[in-house]
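Chain residues, written in single-letter form:
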Amino acid sequence: MKNLIVKKCNTTAPLSREEISHRLESVPWNDIDTVNWPEEYDYRPSVQFRIGYGDSEFLLQYRVTEKHVRAVATADNGEVWKDSCVEFFISPAADGIYYNFEFNCIGVCLLATGLSRVGREAAPLDIVGKTSRFPSLNKTDLRDREGNVTWDISLVIPYACFYKHPGFSPEGKTVRANFYKCGDNLPEPHFLSWNPIKTDKPDFHRPEFFGQVTFE
């Protein structure tokens, strides 16, 4: 199991893409480079993330270089995992509930919660709308753009998004989480993770394979 130490940072509003980068500038990047199912899905784009936390929100950045870029989902809680997509899954407490935050390359978000893949509850759109997203690509319909495209996305995820856990704060806690990159409908589908997943088929909804994240 991988272990990640996350430092507290200044998250005083207003936050922009540039401000998030500035406040995370001393935070090292982490690779999302585990190819869990190489026999069928061996493509590995270059993907990294870094994360910090404040009094009321997470700051999270991803940077990606991949052969193809796709963005068809344009409404929140749509099928963003079929696009060029980065994801953050986290169990904030010991009750088994975890949240999946999924963002395509133009910043469209899917947020759901539950105990497993089965029976997940889509978050209300007003909760999803609390996240702030700053993608480097324009919010246009990118169906299939080729040629080693580099893109990034900066995110603000307020703790209010953890609506099943009112009052949640990560400070001083160790939780379980994983970070992903996927693209189910890209010309070269791929399913990368930060912490390895030991299943026969691609499945990110496996909290038993989340890594350990400690918030100082």
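Structure: above.
Residues numbered from 1 in each chain as written. Predicted model: local features only at pLDDT ≥ 70, side-chain atom pairs only at ≥ 80, totals over all residues. Heavy atoms only, no water.

Colleague: Would you mind showing me how to read the overall build of the protein chain here?
Modeller: Within the protein chain, the secondary structure is distributed over two helices and 14 strands. For 216 residues, the compact-globule formula gives about 17 Å, and the C-alpha radius of gyration of the protein chain, at 16 Å, lands near that figure. In terms of its C-alpha atoms, the protein chain occupies a principal-axis envelope of roughly 40 × 35 × 35 Å. In the protein chain, buried positions account for 53% of the 216 residues. Across the protein chain, contacts joining residues at least 24 apart in sequence account for 66% of those joining residues at least 6 apart. Averaging the positions of the 25 positive and the 30 negative side-chain charges in the protein chain gives two centres separated by 2 Å. (Helix = DSSP H or I, 4+ residues; strand = E, 2+ residues; numbered from the N terminus. Rg over C-alpha atoms; globule rule 2.2 N^0.38 Å. Buried < 20%, exposed > 50% of the residue type's maximum accessible area, 1.4 Å probe, protein only. Contact = heavy atoms within 4.5 Å. Lys, Arg positive; Asp, Glu negative; His and termini not counted. Charge placed at Lys NZ, Arg CZ, Asp CG, Glu CD.)

Colleague: Would you take a moment to explain the side chain of Arg23 for this structure?
Modeller: Topologically, Arg23 is positioned in helix 1 (residues 17-23). By relative accessible area, Arg23 is classed as buried at 17%. In contact with Arg23, not counting residues within four places along its chain, are Cys9, Asn10, Thr11, Thr12, Pro14, Leu15 and Leu59.

Colleague: Mind showing me how you'd approach the packing of aromatic side chains here?
Modeller: Given two aromatic rings, their pairing is described by the distance between the two centres and the angle made by the two planes. Throughout the structure, instances matching the rule amount to 24 aromatic pairs. Here the aromatic rings of Phe49 and Phe179 are separated by 3.9 Å at their centres, their planes lie at 15 degrees, and the arrangement is stacked. With Phe49 in strand 4 (residues 46-53) and Phe179 in strand 12 (residues 174-182), the pair connects residues that are 130 residues apart, well separated along the chain. Like Phe179, Phe49 is buried. Taken together, a centroid distance of 5.6 Å and an interplanar angle of 80 degrees make the contact between Phe179 and Trp194 edge-to-face. (Phe/Tyr/Trp six-rings, centres within 6.5 Å; stacked < 30°, edge-to-face > 60°.)

Colleague: Can you walk me through the pattern of salt bridges in this structure?
Modeller: Working definition: two side chains of opposite charge can pair if their charged atoms are close together. The tally for this structure, following the rule as stated, stands at 14 salt bridges. The partner of Lys67 in a salt bridge is Glu188, with the nearest N and O atoms 3.2 Å apart. Of the two residues, Lys67 sits in strand 5 (residues 57-71) while Glu188 sits in the loop between strand 12 and strand 13 (191-193), which places them 121 residues apart along the sequence. By relative accessible area, which is 36% here, Lys67 ends up partly exposed. The partner of Asp203 in a salt bridge is Arg206, and the shortest N-O contact between them spans 3.8 Å. Taking the relative accessible area as the measure of exposure, Asp203 reaches 15% and is therefore buried. (Salt bridge = Lys/Arg side-chain N within 4 Å of Asp/Glu carboxyl O.)

Colleague: Quick question: what am I supposed to make of the nonpolar core here?
Modeller: Grouped burial of nonpolar side chains is what soluble globular proteins tend to show. The biggest cluster of nonpolar side chains holds 59 residues, and the ones touching the most others in it are Phe58, Tyr62, Phe88, Phe101 and Phe179. No other element matches strand 5, which puts six residues into this core. Core analysis: the second largest hydrophobic core is formed by seven residues, Cys9, Ile20, Leu24 and Val27 among them. (Core = buried A, V, L, I, M, F, W, Y, C linked by side-chain atoms within 4.5 Å.)

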